[in-house]
Amino acid sequence: MPPSDPERDAPAATDPTPVDPAPIGQTPKDPAPVDAATVEAATVDPAPVSPAPVDPAPVDPAPVDPAPATRPNRLTYADAGVSIDAGNALVERLKPWAAATGRPGVVAGIGGFGGLFDLAAADHCDSLLVAATDGVGTKLRLAIDTGLVDTIGQDLVAMCVNDLVCQGAEPLFFLDYFATGRLDVDTAGRVVQGIAAACSAAGCALLGGETAEMPGMYADGDFDLAGFAVGAVARRALLPRAAAPGDVILGLASDGVHANGYSLVRRTVSLAELGWDAPCPFDDPAASLGAALLRPTRLYVAPVLAAARALDEGLRAVCHITGGGLTENLPRVLPAGTGATLDLRAWPLPPVFDWLIRTAGLAGDEALRTYNCGIGMVLVVRADATAEAEAMLSAAGERAFRLGSVTETPGIAYDGALGDGRWAVSAR
């Protein structure tokens, strides 16, 4: 056993219980021994003492906004980029243009929360409603860049109402949507005036619309357009009807590129290293290239509806040639299991398409599934109604061409080559 260490083995010292001193003259007594456990049990932690309350630091009262009339740097909606006054000025400017498009059925137009139209007053008590919506694609970029915005509204209307007549529907009313970052009343007014003029030509009312000024959403000077048209057709006059092999396909001439394929148009002009103000290389050189390419989409409403009424069941189908060209659009109105054969020598290729194809190095097939290539609308008619249809369309000022006929073979087959044989295409 190791030796004892007096310091390590000694019990821990404890404070002795205080002892009253002996009275004077007496000998002090030794204190009685105290058990350590007793000391420990008697030891009580002192009660916690709450600190004296401290007054919190004074807090400044919340600032109170001054009255609006005295608040510094006071903002308005116009400061944020939206001018209510400009919007009101545009509405006042367009009201007479919209009123000029009035037709039977219009109850209330511009100014309310919604336009009102009475179908009974338009002689469509038991008709089907047909709706169409569209824009003008990147043709709008060209209009903005050149500043030539007066006819882009006709493109917007035509892209919608030409679709309606493909189902035999009479256009009843039109709504437009104009969105921009900063509203230029003069520019917007020119656009809407073009919309109103096209509505009048198509026989539909400009019943309402929306002008959206959205700062930060568009680059300065940019805007976007969308259109919405509603028409009606009697149930028995609904198109298309079932075309049959042997039916004749008539094509109506276009007025240029119309409003499809402009991404390729713009890329082609870039490849040619020409500006929009350059002399037109395919038409009157006194005109600018930009102006020639902005020629508006042709409105086919009046002649097609007249043919539909006169030919009755002799008219099988109507097809608007838009994006996708003849190749992609014509099958949309033909019955399953049928197709068509078209003779590419049946109509002249307009100079604008000849220039676009040549400059871009397009294959004939690609051109026919991108551009209208000179045919803006197609009518499929019964063979015994062809002569009457051609006479009617010619009297209405349309150039109609016999393109081919419906076949029993699905798909579109082409005979000949596009543009007087210059641009070959595959057989089908």
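Right above here is the structure, for reference.
Residues numbered from 1 in each chain as written. Predicted model: local features only at pLDDT ≥ 70, side-chain atom pairs only at ≥ 80, totals over all residues. Heavy atoms only, no water.

J.: Help me out: how do you make sense of the pattern of salt bridges in this one?
T.: Side chains carrying opposite charge are able to pair once their charged atoms draw close together. Taken as a whole and assessed by the stated rule, the structure comprises 20 salt bridges. For the salt bridge of arginine 141 with aspartate 222, the shortest nitrogen-to-oxygen distance reads 2.8 Å. Taken together, the residues span a long stretch of sequence, with arginine 141 in helix α4 (residues 139-146) and aspartate 222 in the loop between β5 (205-213) and β6 (223-234) at a distance of 81 residues. Taking the shortest distance from any N to any O, the salt bridge between arginine 236 and aspartate 312 comes out at 3.5 Å. Of this pair, arginine 236 sits in the loop between β6 and β7 (248-253) while aspartate 312 sits in the loop between α9 (301-311) and β8 (315-320); the two residues are 76 residues apart in sequence, bridging distant segments of the chain. Among the residues examined, arginine 236 registers a relative accessible area of 57% and is labelled exposed. Accessibility expressed as a relative area gives 29% for aspartate 312, which makes it partly exposed. Taken together, the shared-partner salt bridges connect Arg141, Asp145 and Asp222 into one network. (Salt bridge = Lys/Arg side-chain N within 4 Å of Asp/Glu carboxyl O. Helix = DSSP H or I, 4+ residues; strand = E, 2+ residues; numbered from the N terminus. Buried < 20%, exposed > 50% of the residue type's maximum accessible area, 1.4 Å probe, protein only.)

J.: Please explain the sheet that holds β8 as it appears in this structure.
T.: Whether parallel or antiparallel, the strands of a sheet pair through hydrogen bonds between backbone atoms. Reading across the sheet, the six strands line up as β8-β10-β7-β11-β9-β12 and stay open at both edges, with mixed pairing between neighbours. Either end of the sheet is taken by a strand with one partner, and the two such strands are β8 and β12 (411-415). The sheet shows a mean angle of 25 degrees between the axes of neighbouring strands, direction not considered. Both strand β9 (residues 339-343) and β12 contribute to a ladder of five bridges, which runs parallel. The partner of threonine 341 across the bridge, within β12, is alanine 413. Against the sheet, helix α5 (residues 152-165) contacts β8 and β10 (375-381), and its axis sits at roughly 160 degrees relative to β8. Sitting on the sheet, α9 is in contact with β7, β8 and β10, with an inclination near 5 degrees to β10. (Pairing = 2+ DSSP bridges. Axes fitted to C-alpha atoms, helices over the stretch in contact; angles between N-to-C directions. Contact = heavy atoms within 4.5 Å.)

J.: Explain the layout of surface pockets to me, please; I cannot follow it from the model alone.
T.: Over the atoms, a rolling probe the size of a water molecule traces out where space has been left empty. One number sums up the size of the largest pocket: a volume of about 560 Å³. In terms of lining residues, the largest pocket is bounded by 26 residues, among which Gly87, Val91, Gly209, Glu210 and Thr211 are the most central. Elements supplying a minimum of two residues to the lining of the largest pocket: α3 (84-99), β4 (170-180) and β5. At seven residues, β5 tops the list of elements feeding residues into the lining of the largest pocket. Taken together, the residues that form the lining of the largest pocket break down as 12 nonpolar, 11 polar and three charged. Around the second largest pocket sit 18 residues that line it, and Gly168, Val233, Ala234, Ala237 and Arg309 are the ones nearest its centre. (1 Å grid on protein atoms, 1.4 Å probe; cavity = no way out; pocket = protein on both sides within 12 Å on 5 of 7 lines; lining within 4 Å. Points joined across faces, edges and corners; volume = space filled by probe spheres on them. Nonpolar A, V, L, I, M, F, W, Y, C, P; charged D, E, K, R; others polar.)

J.: How should helix α11 (residues 351-360) be read in this particular structure?
T.: An α-helix turns once per 3.6 residues; consequently, residues spaced three or four apart project the same way. Within the span of α11, buried status applies to Val352, Phe353, Asp354, Trp355, Leu356 and Ile357. Those residues of α11 that are buried are in contact with α7 (262-271), α8 (289-293) and α12 (364-368). Looking at the residues trailing α11, positive phi occurs at glycine 361, about 65 degrees.

J.: What's the story with the side chain of threonine 268 in this structure? I'm lost.
T.: With respect to the helices and strands, the residue threonine 268 is situated in helix α7. For threonine 268, a relative accessible area of 0% puts it in the buried group. If near-sequence neighbours (up to four positions away) are discounted, threonine 268 is found in contact with Trp355, Leu356, Thr359 and Ala360.

J.: What exactly am I supposed to notice about the sheet that holds β5 here?
T.: The strand order β3-β6-β4-β5 describes an open sheet built from four strands, whose pairing is mixed. Either end of the sheet is taken by a strand with one partner, and the two such strands are β3 (127-134) and β5. The sheet shows a mean angle of 15 degrees between the axes of neighbouring strands, taken without regard to direction. By the bridge criterion, eight bridges tie β3 to β6 in an arrangement that is antiparallel. Bridge assignment links valine 130 to a residue of β6, and that residue is glycine 231.

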